Amino acid sequence: MDATYSPFLNGALAWISSGSIPDRCEVCGFEWAIAPDAALDAIEAAPRRYAALLADRDGMAAADDGGWNATAYLWHLVDLARSWSERWVQLDADPGSLLAGWDPDVLAVARNYRNLPTAPALWALDQATDTFVELSRRLDPATTFQHGDWGEGTIADGLRWLAHEYTHHQLDVRARAR
């Protein structure tokens, strides 16, 4: 556990990393100490980057490793943005409250990400991201919450986590689109 990070961010980083908690993502280079405003800017700009990554490319092509195709990563981000938007509405009404965790892989199977098409994914990502950004701008980044799996965190931590997801999965989309 890194004393500079909240329990929430330590839990999230432990979930995605092996061993010690790094200062940056070992794969994409995302800096975990990013300022909340910069994290929100990265999130806000991401739908345009994803649209550019998929321009004239097939996001539905099967992944060589049997994992998600490029478009499945868009749907993952859509669900993240929607669920965190719901959490922000909850925190606006009841700061410090408990946020339920959920397994993104179970949701991917339930929603059948691999078979959901690209055009509505790009539209949904844009819509969900806009809603998330609008809600985020209304809230104080220091507002706390309790995450059901990872413990206490702040809105700033949630912004960092989601900015990482938006940044990191560009690598997956770039590698998997044909």
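As shown above, the structure is provided for reference.
This structure is a prediction, so every number in the text was calculated from the model and none was measured.

Procedures and definitions
- For every chain, the first residue of the written sequence is number 1, and numbering continues from 1 along that sequence.
- This being a predicted model, a pLDDT of at least 70 is required before a residue's local features are given, and a value of 80 or more before pairs of side-chain atoms are given or counted; all residues contribute to the totals for chains, interfaces and linings.
- Side-chain metrics in this entry use all non-hydrogen atoms of the structure; hydrogen atoms and water are not considered.
- At least two DSSP bridges between two strands are required for those strands to pair.
- Each helix is a run of H or I in the DSSP string that is no shorter than four residues. Each strand is a run of E no shorter than two, and both are numbered from the N terminus.
- Ring pairs shown here join Phe, Tyr and Trp side chains whose ring centres sit within 6.5 Å, with only the six-membered ring taken for Trp; geometry is labelled stacked below 30 degrees between planes, edge-to-face above 60, and tilted in between.
- Per-residue accessibility, obtained with a 1.4 Å probe over protein chains only, is compared with the maximum for each type, and a residue is labelled buried under 20%, exposed over 50%, and partly exposed between these values.
- By the criterion adopted, a ring carries a charge over it if an Arg CZ or a Lys NZ lies within 6 Å of its centre and within 35 degrees of its normal.

Visitor: Run through the sheet that holds strand E2 (residues 144-147), naming residues and quoting values.
Guide: Spatially, the 3 strands line up as an open sheet ordered E1-E2-E3, and their pairing is mixed. Bordering the open sheet on either side are strand E1 (98-99) and strand E3 (151-154), each of which pairs with just one other strand. Sheet topology note: the E1/E2 ladder contains 2 bridges and is parallel. Within the sheet, the bridge partner assigned to Leu98 lies in E2 and is Gln146.

Visitor: Just give me the short version of the packing of aromatic side chains, but keep the residues and values in it.
Guide: Applying the stated criterion across every chain, the model contains 14 aromatic pairs. Between Phe8 and Phe145, the ring centres sit 5.1 Å apart and the planes meet at 80 degrees, which makes this aromatic pair edge-to-face. Of this pair, Phe8 sits in helix H1 (residues 7-16) while Phe145 sits in strand E2, placing them 137 residues apart in sequence. The pair Phe8 / Phe145 is uniform in exposure class, with both members buried. Between Trp88 and Phe145, the aromatic rings sit 6.5 Å apart at their centres with planes inclined by 45 degrees, giving tilted as the arrangement. Highlighted residues: Trp88 in helix H3 (residues 70-93) and Phe145 in strand E2, separated in sequence by 57 residues. Per residue, the accessibility class of Trp88 equals that of Phe145, and both read buried. Joined through ring pairs, the aromatic side chains of Phe8, Trp15, Phe30, Trp32, Trp84, Trp88, Phe132, Phe145, Trp150 and Trp161 make up one cluster. The ring of Trp84 is capped by Arg87, whose NZ or CZ atom sits 4.3 Å from the centre of that ring.

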